[in-house]
Structure formats: structure tokens, C-alpha cells
Amino acid sequence: MDAPLPPLLSTVETGLACEARGLYKSFGAQIAVDGLDLRVPRGLLYAFLGPNGAGKTTSLRMITGLLRPDRGEVYLHGHALRTAPEAAKAALAYIPDEPTLYGKLSALEYLEFVAALWAVPAGTAQARATDLLAQLGLADRVHDRLDGFSRGMKQKIVLAGALIHEPSLLLLDEPLTGLDAASARLVKDLLLDYVARGRTVILTTHILEVAERLAQRIGIIHRGRLLLEGTLEELRERSGKPGATLEEIFLQLVGPSAVTQAVP
Amino acid sequence: MMRHLPIAARIVRNDLRLFWRSLIRQKLGLVGSVLVYGFLFLMLHFGAWAFAHVFRHGPPLGFESLLWLLLIFPMLGAAIHQSVTLLYERGDLDLLLTSPVPASIVLLTRLVSITAGVILLVGVFVLPPLDVAWTFFGPRYLATYFVWLLLALLCSAAGIMLTLVLARWLGARRARILAQIIGVATGSAVFLFFQLPNLIGQSSPNSHARARFFQAAAHWANRPLLNLPARAGRAEPGPLLGLTLLTGCVVALSAFRLQHAFVEGTQAATAEVAPRPGAKRGRTKSFQTGLFAATWNKDLRLIHRDPLLLTRGFQQCLFMLPAIFVFSRQAGLTGPIAGATIVLCCAVTIILASVAASGEEAFDLLRSSPARPRILFAAKAAAGATLPFIFAAIVTLALALLGHPWLALATLATAALTIGASAWLMAVNVRPRPREDFFNRRQGTGRMTWHGWTATILSMLGGFGLGLAGHGGFGAAFLTGILLLGLCALGCLACFVLKPVDDWAAIMRD
């Protein structure tokens, strides 16, 4: 029996794909995320930046429901993650920084299972799986077991798994890690095409040039707090550095000592 | 060579420290481990002392030879296990081989560490008879300690070579799995040997038949080459020298092979496996409809594609073999077969269902999906129960064809109940952990939970009940059997009714 869904919130009306209110998470004495407020409108690519240990992954894990926040609420397309997790997750896909796969399944078998998790009808799933694998250049490896795949190929399979139910919100943690130049280009094109079709992508990356070129909005987090958020132009304005690159703005905000001060 | 001795000693010390920690970090802890192993050590001394009185004028050479040969199996099993761990799983060879320490020294330390691991693993069982042998039968048996060390070295070198040869033939990844399977099988060989009299002497497995079996085995073992360790253990110079030379040759060959394999770079255990040329391409099957079917299908595939897991699972069940013979001594085969089927199926179900539910490789994927946990764990329980149920159905069919339809029906019903209850209990109670750590005691997974005990007791009740009821006749045994079956059925039903079903859901949320 499904739990009754809570009434849709203002996020639907305002067109927010994801809204986090006052997210707080600590691990013992270590504060990982400290009152994060995030509002990501639909239909754009949002880059979530920060130095190592700034709280990016913790934030994403709370947004996806993998980690329960100590305080705060997450709404995905208007559904509160805490009270209506199934409805909230139905339109969501998440790719962690180190995705785990079933090594002894073939690429196609993996996609079959993922599709079933999101209740995609079998026929539709099969057609989409074939298309996605062809699009990602893995059409000739569909029956090979995943434990024989390279890291980049595994990344592509995870991406295919994330896209198979055509989520309206895609969260990616360091999606370009381990990909060669051609594959990285392929993934970037795929994400841009995805956003062009009205869907939303939130990604974290350490490659600031990627964020600068792809993202419509950028958020910079440091020590668990969102320091700055907006379009690149807005970031330049607020940081008082017109014409600056994202890297300059980023380093000005987090400082060169960020690495040593970072929380895990 | 000498100037590298300190760093070599340091590497070996580090290996031994890691090995020691892997032994100690079990549920017993350091003090508990020392107490338990100490007690076991004392009891084995006592047992060896008592056994030594059987041979007033010293044990026959054939008997000694048999014991040495039997010792080789667990030592070889331990050597293969250690080789796989130190050469492929730990993954520190890249670090060591890129260090300024010469490759030959690094690889030599690996051989020493593997040997030390083998000695420590079997030492608690080997030392008591050796201690008793020289105190009881004279100081010439002091040579047995040296023979033991030689055999440990020999087995380690052989284990390394076997692992390397497999790596060359099959590729590192497949070789690692096959070597682990061989290690498990070799380790179980001694246990199987002692069960042989039961297996081959079903009609009259009394003490005379067993004695005759061991006499024949000792006679067989007393051959010129096979009795080399036994004669060396009696400090005969020729065999002692021969065994030392043989060990030296195998060790030298093994060191050469190690150097060749690792300097050539064929050690990459985690290397990608290229698709085999000409390998049969899979047929694209239609996707399964529905979450339950897809999950069940997926978990069943993962179970049957993991030969190491299956081997280890079945190895655990191997130790239940004696249960099969509990009834077979006074009665025919049908009752015991029915009873043993229940017990074995339940034991396998416990393992497979635990693997399916707790050894979930992509747990975050499940948690980030909107899939209902209840359906997921029901499918996982079903996947764990499928193979045991098929086995039970085959046995049932055989029993029916042999002219025991009622016993067959009772077996199928009891099997369905106990397998279902076992799968259910394990699937909804165990916490997810990395699949490769499933049999790793350091992760606390070797511990039997109360759910596992409940399932085992239920299957024992059902198995013994069937065994008694299947004897034939309607006497006290039959009634006891029916009573046990009834208790088993009630217990199984209680598992389904009383067990809260949202445990997994809670795990999924946290």
C-alpha cells in the first residue's frame, strides 16, 4: 500500500527540481554540512563545486536519500524526501563518485535490473537499453560481464543505468573521472542534450573549466556552507571580479589553504 | 644479499603482523583467541598422549606415512589461500616492487611470509602429536619438527607455483578464483577422508570395518616415495636428505617462477579481462517484467556465477555430512536421505539467502531507487531458496520413484517449509556488506546470528523427524518423528507470522 503523498509544495509552482532547506549533517564532532539551502530550478545544469571534503558528496547523498540529515528537509519536484521517498525518488537518478556495479552481470542484464527498480516497462526498457549502449559506444559489449570493463566503460554503464528511466533530475558526483577525452566529450554532450530536453542535472566536479562551460548555475560550498551561488556572471559580480575566470573566483573564495582545512 | 636482510625482515614482520591481525580480529578478540586456542592446544596434547598409548612399540611406518600425507592437504590448501592473498588480493606488490628493494628480495620475503602463514595456520593441530611423538617414542622423533618445516616450505612453494601456472593459463582473475576453489577443496580433503568409511561401509560401518579401512590406507601409504616424510621424521639420514633436496629444488623453481611472473608483469589480478576471442556471444533475451522477477533473476545469476562463493558455501555444508549417517546405521537409506536433504537444503539456503540479501554489491542503487524494500528482499529470499528447492524436488522425485510416495510428499512439504523459513529469516535480518567480505570473519560475517540458529534448529527438527518417520513401521520412532515434524512446521509458520517484515526497509532508510 502506497503512503499517501503530501500535498505538492511551492517548488512545483516555482519550477524547482530540487530544494534543500537547512540541511545539516555532522559525523561526531565533525560538521560535514552546515545549514545548506539549495534551490535548483528545472531544466538547467547546476554545478556544485568545492574543495576536497567541503561537503559536496555528503550533500548529494542527503539529497538522494542515501544519508539522513540531522536537520533540514529535501524536496524533489515538490515531494518531500522524508515523507514521500518513493514519489521523490521516482524521477531521480544518482551516480556516485565510485559507483558499484554487479561485476558478474552483463551490461544488458544490469540495465534490465535497474529498469525494473524504476518500474520501466520491459519492452520500453529493452529498447532504451539498446539505444543507450549504442549511443555510449558499447553496442558490441552488451553481453560481456561488467567485471571485465575498464573504469571508463563502467562509468558509461552506470550513466546508461541512470538514464534508462529518463529521470527528470540527474545527480552526478564527479562524472568525468576515469573517462578518456573522447568519452568525456560524449558524456558532456549527452548531459547537454539531456538538459536541452527540459531536464535537470546537478553535478559535482573538480574540473572548473567543465563547470564554467556547461553549467547555467554554479554553487560553491566550503566547510559545509554554501558560500556563493548563481550564474557565472552573478558570481563575478558578487565576488567583485568582473571578467574573472571561475577558477579565480573559486580560489578567492576557498583560498589556497582549503585543502588543509577541509572537512572529510 | 646480507645488506638487504633488515628490510626483508621488516617486510616479513609486516606480513606477519597483518596475518596475526586477521586471525585475532574475530569475535573472540585477543584474550578470547588465546584462551580458546590455548585450551584446544592442551586438549589436542592430551588426545595425542592418549592415542600414543595404542602403539606401545612405536607407530607403524604406514600409519605415520598416512598422517604425513594427510597433513599435506590442509597445508597445501593453506598455502594456496596464502598465495592468493599475498600475491593477488592484498595488492601491495606494486608498492613493494617499485621500491628500491630488489625484486628478488621482495619475492623471497613473500615466499617466507606464505610459509610462515602455513606454519601458523596448521601449527595448533600439528604441534601436539609432534610433541608427544618424541617424548613417547624417543628423541629421534625430534626430526619431525624439521620435516614439518620442510613440508610447509614445500607446500608453500607448490602452492605458489600452482597459483602462478593457473594465472598463466587462465588469466589472473580466473586463476585467483580457481586457486581459491582448489584451496578450499584441498583443505576439506582430510575431513572427507575420515568420512570415507561411512560412505563406503553403509551396510556395516562398525568399528571393525573402520579399522580395516584405515589399515588398508596405511598399507597403501607405506610405499617408497610416499613414506619419505615418515622416514625422514624418524631421522633416517637418506630420506631426510632426500626431502631437503626435493624441497630445495621446488623452492628454487618456485622462486624462479615468481620472479619470472612478477617481473614480467603478469600479476595484475585486477586487470581487465578482454572478451575471449571466439567466445559464444550471449543471446539477447527479453527483459523481465516486474521488480520481483528482475530482482530474483539478477540475484540468481549472481549466485550461480560466483563459483568461489558456491564452493565455500558447500564446504560449510560438507561438515554436516555426519548428520546423514546418524540414522543410516540402524535403518535403510530412504529415511536418512530424506532427513539429510532437509538439513542440507536448509544449510545451503541460509548461505545463499544471506549472500543474496547481505552481499548486495550496489546497495546505494537500491536505496536511491523508489523500489519497495519488501519486494526486493522477498525476491532475494526467493533467489536464495531456488537452488535448494530444486535439489529437494529432485530428491523427492527419486524417493517417489523408489516407491515411497508418502515419504516423498512429506520431504517436499518439510523442505518447502524449512527452506522458505530459512530464506525468509536470513533475507530480512542480515545487513548489507561487500560481497567479497561475506566469508571474511573480520567483518563479523562468520558469526552465526540467532536467525541462522533458528533456521538450523528448525531444519534439524524437520530432518530428524523425517529420518525417524521414514524408518518404516508405526512404533515410537515414527511417533517421535511426526512430533518433530510438527514442531518444525509450527516453528516455520511462526517465522513467517511473527517476524517483523520491515527490518530491511529500516536498513534501506538508514
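Bear in mind the structure is a predicted one, so any value in this text is a computation, not a measurement. (Residues numbered from 1 in each chain as written. Chains lettered and ligands numbered in written order. Predicted model: local features only at pLDDT ≥ 70, side-chain atom pairs only at ≥ 80, totals over all residues.)

Asker: Just to check I follow, could you spell out the overall build of chain B for this structure?
Answerer: Looking only at helices and strands, chain B features 20 helices and 0 strands. Taking as baseline every contact in chain B between residues at least 6 positions apart, the subset at least 24 positions apart corresponds to 80%. (Helix = DSSP H or I, 4+ residues; strand = E, 2+ residues; numbered from the N terminus. Contact = placed C-beta atoms within 7 Å.)

Asker: Looking at this structure, how should I read the interface of chain B and chain A?
Answerer: Interfaces are often described in size by the accessible area the parts lose on coming together. Contacts between the two partners involve 30 residues from chain B, matched on the other side by 33 residues from chain A. Among the secondary structure elements, those contributing two or more residues to the side of chain B that touches chain A are helix H11 (291-304) and helix H15 (363-367) of chain B. If one sorts the elements of the side of chain B that touches chain A by residue count, H11(B) sits on top with 6 residues. Taken together, the residues of the side of chain B that touches chain A break down into 11 nonpolar, 9 polar and 10 charged. (Nonpolar A, V, L, I, M, F, W, Y, C, P; charged D, E, K, R; others polar.)

Asker: Where do I start with the packing of helix H5 (residues 103-137) of chain B against helix H6 (residues 143-170) of chain B in this structure?
Answerer: Packed helices, taken two at a time, are described by the angle their axes make and the gap between the axes. Residue and element names in this part refer to chain B. Taken N-terminus to C-terminus, the directions of H5 and H6 make an angle of 145°; their axes are 9 Å apart at the nearest point. When the axes of H5 and H6 are compared, the crossing they make is right-handed. Contacts between H5 and H6 pair Leu 111, Ile 114, Thr 115, Val 118, Ile 119, Val 126, Leu 130 and Ala 133 from the former with Thr 144, Tyr 145, Trp 148, Ala 152, Leu 153, Cys 155, Ser 156, Ala 157 and Ile 160 from the latter. (Axes fitted to C-alpha atoms, helices over the stretch in contact; angles between N-to-C directions. Left-handed = near helix turned anticlockwise from the far one by under 90°.)

Asker: For this particular structure, what's the right way to read the packing of helix H14 (residues 334-358) of chain B against helix H16 (residues 373-401) of chain B?
Answerer: Residues and elements named next belong to chain B. Direction vectors running N to C along H14 and H16 enclose 160°, while the axes themselves pass 8 Å from each other. Between H14 and H16, the crossing angle belongs to the class labelled roughly antiparallel. Crossing of H14 over H16 shows right-handed handedness. Only Phe 377, Lys 380, Ala 381, Ala 383, Gly 384, Ala 385, Leu 387, Pro 388, Phe 391, Ala 392, Val 395 and Leu 399 of H16 make contact with H14, whose side of the interface consists of Thr 334, Ile 337, Ala 338, Thr 341, Cys 345, Val 348, Thr 349, Leu 352, Ala 353, Ala 356 and Ala 357. Here the residues of the contact of H14 with H16 sort into 18 nonpolar, 4 polar and 1 charged. (Parallel < 35°, antiparallel > 145°, perpendicular 65-115°, else oblique.)

Asker: Would you explain the pairing of strand E4 (residues 71-76) of chain A in this entry?
Answerer: Side-chain positions along a regular strand alternate between the two faces of the sheet. Residue and element names in this part refer to chain A. Where strand E1 (residues 16-27) meets E4, 5 bridges bridge the pair, whose relative direction is antiparallel. Its bridge partner lying in E4, Arg 21 is registered against Glu 73. The loop that links E4 with its antiparallel partner strand E5 (residues 79-80) comprises 2 residues; one of these, His 77, has a positive phi angle of about 50°. (Pairing = 2+ DSSP bridges.)

Asker: Help me understand unusual backbone geometry in this model?
Answerer: The backbone of A:Ala119 sits at a positive phi, close to 55°, despite the residue not being glycine. Tracing the sequence through the fold places A:Ala119 in the loop between helix H4 (107-117) and helix H5 (122-135). Given 16 C-beta atoms within 10 Å, A:Ala119 falls into the partly exposed group. The backbone of B:Ala235 shows a phi angle near 65°, a positive value even though the residue is not glycine. Inspection of the secondary structure puts B:Ala235 in the loop between helix H9 (228-233) and helix H10 (237-263). Given 17 C-beta atoms within a 10 Å radius, B:Ala235 is considered partly exposed. (Buried ≥ 20, exposed ≤ 12 C-beta atoms within 10 Å, placed from the backbone.)

Asker: Just to check I follow, could you spell out the sheet that holds E5(A) for this structure?
Answerer: Paired through their backbone hydrogen bonds, the strands of a sheet run either parallel or antiparallel. All names here are of chain A. What the 4 strands build is an open sheet, ordered E2-E1-E4-E5; its pairing is antiparallel. The outermost strands of the open sheet, each flanked by one partner alone, are strand E2 (30-41) and E5. Pairing analysis gives 9 bridges linking E1 to E2, with the strands arranged antiparallel. Paired with Cys 18 across the two strands is Val 40, which belongs to E2. Contacts between helix H2 (residues 56-63) and the sheet are confined to E1, E2 and E4, with E1 contributing the most and set at about 120° to the helix.

Asker: What is the right way to look at the confidence of the model for chain A in this model?
Answerer: Predicted coordinates in regions of low pLDDT should not be interpreted in detail. Of the residues in chain A, 91% reach a pLDDT of 70 or more, and the chain-wide mean stands at 85. Under a pLDDT of 50 for its full length, residues 1-13 of chain A has, in the predicted model, 17 contacts with residues more than four places off or in other chains. (pLDDT = per-residue confidence, 0-100.)

Asker: How should I be thinking about the sheet that holds strand E7 (residues 169-173) of chain A in this particular structure?
Answerer: Residues and elements named next belong to chain A. The strand order across the open sheet built from 6 strands is E6-E7-E8-E3-E9-E10, with neighbouring strands paired in mixed fashion. Bordering the open sheet on either side are strand E6 (92-95) and strand E10 (225-230), each of which pairs with just one other strand. Direction aside, the axes of adjacent strands within the sheet are offset by 15° on average. Here strand E3 (residues 45-49) runs beside strand E9 (residues 217-222); their pairing, made up of 4 bridges, is parallel. Pairing of Ala 47 across the sheet is with Ile 218, part of E9. Against the sheet, helix H7 (residues 181-196) engages E3, E7 and strand E8 (200-204), with an angle of about 145° to E8. Packed onto the sheet, helix H9 (residues 232-239) meets E9 and E10 and runs at close to 120° relative to E10.

Asker: Looking at this structure, I do not really get the nonpolar core. What am I missing?
Answerer: Soluble globular proteins tend to bury their nonpolar side chains together. Grouped together as the largest cluster of nonpolar side chains are 144 residues, with contacts concentrated most on A:Cys18, A:Tyr110, A:Ala115, A:Ile164, B:Ala353 and B:Ala427. When residues of this core are assigned to their parent elements, the largest contribution, 17 residues, is made by H14(B). Setting aside its immediate chain neighbours within four residues, A:Tyr110 contacts A:Leu101, A:Tyr102, A:Leu105, A:Leu146, A:Ile157 and A:Gly161. One finds B:Leu71, B:Val118, B:Val147 and B:Ala230 within the second-largest nonpolar core, a separate group that totals 53 residues. (Core = buried A, V, L, I, M, F, W, Y, C linked by C-beta atoms within 7 Å.)

Asker: When you look at the confidence of the model for chain B in this model, what are you seeing that I'm missing?
Answerer: Residue and element names in this part refer to chain B. Residues of chain B with pLDDT of at least 70 account for 76%, and the chain-wide mean is 77. With pLDDT under 50 throughout, residues 266-280 is counted as low confidence; its partners more than four residues away or in other chains account for 22 contacts. Counting contacts from residues 441-447, a segment whose pLDDT is below 50, to residues more than four positions away or on other chains yields 14 contacts. Across the predicted assembly, pTM comes out at 0.68 and ipTM at 0.73.

Asker: I keep staring at the pairing of E10(A) and nothing clicks. Help me out?
Answerer: As paired elements, E9(A) and E10(A) share 5 bridges and run antiparallel to each other. Following the sheet pairing, A:Gly219 is matched in E10(A) by A:Glu229.

Asker: Any chance you could explain H5(A) here in plain terms?
Answerer: Every α-helix winds through 3.6 residues per turn, so residues three or four apart in the chain are directed the same way. Residue and element names in this part refer to chain A. In a regular helix each residue adds 1.5 Å, so 14 residues correspond to 20 Å; H5 covers 20 Å between its end C-alpha atoms and thus fits that length. The set of residues buried in H5 consists of Ala 125, Gln 126, Ala 129, Leu 132 and Leu 133. Summarising the axial view, the buried residues of H5 lie within an arc of 135°, below the 170-degree limit, and thus occupy one face. Residues Gly 123, Ala 127 and Ala 134 are exposed on H5 and point more than 90 degrees away from its buried face. Just past H5, the residue Gly 137 takes up positive phi, approximately 75°. (Expected span 1.5 Å × (residues − 1). Arc of directions from axis to C-beta.)

Asker: I keep staring at the environment of A:Gly78 and nothing clicks. Help me out?
Answerer: Along the chain, A:Gly78 turns up in the loop between E4 and E5. The sequence separation of A:Gly78 and A:Cys18 amounts to 60 residues, and the corresponding C-alpha distance is 7.9 Å.

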